[in-house]
Amino acid sequence: MLISEQLKAKVQTTSFEVFPPKNNAAYAPVEAAVDRLSEFRPDFISVTYGAGGGTSVNTPKIASHIQNDLKIPALAHLTCASSTKAQIHEIVLDLKARGIENILALRGDLPENYQPDNDHYRYAGELVTAIREIGGFSVGAACYPEGHVESESAEADLRHLKEKVDCGADFLITQMFFDNSALYSFLYRALKIGIDVPVIAGIMPVINQKQIRRSCALSGTTLPSRFKAMIDKFYDNPEALQQAGIAYATEQIIDLISNGVNGIHIYTMNRPEVAGAIISNLSSIL
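Presented here is an overview of the structure given in this document. (Residues numbered from 1 in each chain as written. Predicted model: local features only at pLDDT ≥ 70, side-chain atom pairs only at ≥ 80, totals over all residues. Heavy atoms only, no water.)

### Some thoughts on the pattern of salt bridges
- The tally for this structure, following the rule as stated, stands at 8 salt bridges.
- Across the pair Asp170 and Arg132 runs a salt bridge whose closest N-O atoms are separated by 2.5 Å. Separated by 38 residues along the polypeptide, Asp170 in the loop between α6 (154-167) and β6 (171-174) and Arg132 in helix α5 (residues 124-134) bring together distant segments of the chain.
- Its relative accessible area of 33% is what places Arg132 among the partly exposed residues.
- Salt-bridge contacts for Glu273 lead to Arg271; the nearest nitrogen and oxygen are separated by 2.4 Å.
- Looking at Glu273, the relative accessible area reads 42%, which means it is partly exposed. (Salt bridge = Lys/Arg side-chain N within 4 Å of Asp/Glu carboxyl O. Helix = DSSP H or I, 4+ residues; strand = E, 2+ residues; numbered from the N terminus. Buried < 20%, exposed > 50% of the residue type's maximum accessible area, 1.4 Å probe, protein only.)

Below, the structure is given as structure tokens:
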């Protein structure tokens, strides 16, 4: 099912993100995690492409398992920075042949000593256009409630986002955030400049403080004082930190749904027990 149609048909959607293994030897645990996540019956599951495309070889394989074996719509991430236009074309056709109907179009991390040329797409908007030209897909794009770290300003980042939507992005999924007010402000500013496609909120449950701090440094996400106090209090107690992180994510989602955010996307880090605990907390709400 096309995610764009799903978002029109359902009042509330819940989805998960998983990442592929770094090598084929580690594939089985990832598939097992996906199988466990499927038991919670998400509306779709996304599969990342890997930094620099390094783990991209397993993305179509996992997405195909989700789509064809588990009968859950799969959203395959696709980055263009590390692949030529010809390679991107082949990947998109391969996804289509596997029955994948949804792609999240991303620029991705730029390779070292990157030099733009005519053989590569420079921006995610160009990738959106290329996928649209092939046809048959619902195309999503990423957005950043606090602005992309490479953008000169939040306003410039919104202009770039508007370009992706104008190129044909059907929906947006946010980078993680820990302060809901940042998302509400973003949604208001986005709508003001004509970005009116559905925005799905990306929620990252705390698993360990090093991972969160590294992710925030890469994405530019700020840490509210309440969140930092939680990490500082439980940093040396992994079980307590996980429990507190699940509670924090649960509270975030309750607030988001209460304020009319209709799509929740949980970054599971391939930990189905964490996602399951959140879903259990929200069983009547979702």
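### Looking at the sheet that holds β6
- Ordered in space as β1-β2-β3-β4-β5-β6-β7-β8, the 8 strands form a closed barrel in which the pairing is parallel. Averaged over all neighbouring strand pairs, the angle between strand axes comes to 30°, with direction disregarded.
- The sheet contact formed by β6 and strand β7 (residues 199-203) spans 2 bridges and is parallel. Across the sheet, Leu172 pairs through a bridge with Val199, a residue of β7.
- The strands that helix α4 (residues 85-97) touches are β3 (74-79) and β4 (102-106); relative to β3, the one it contacts most, it runs at about 175°. (Pairing = 2+ DSSP bridges. Axes fitted to C-alpha atoms, helices over the stretch in contact; angles between N-to-C directions. Contact = heavy atoms within 4.5 Å.)

### Quick look at unusual backbone geometry
- Phi at Lys71 takes a positive value of approximately 60°, unusual for a residue other than glycine.
- According to the relative accessible area criterion, Lys71 is exposed, its value standing at 62%.
- A positive phi angle, near 60°, is found at Asn270, a position not held by glycine.
- Inspection of the secondary structure assignment puts Asn270 in the loop between β8 (263-267) and α11 (272-281).
- A relative accessible area of 15% places Asn270 in the buried class.

Function cannot be read off these values alone, since they describe shape.
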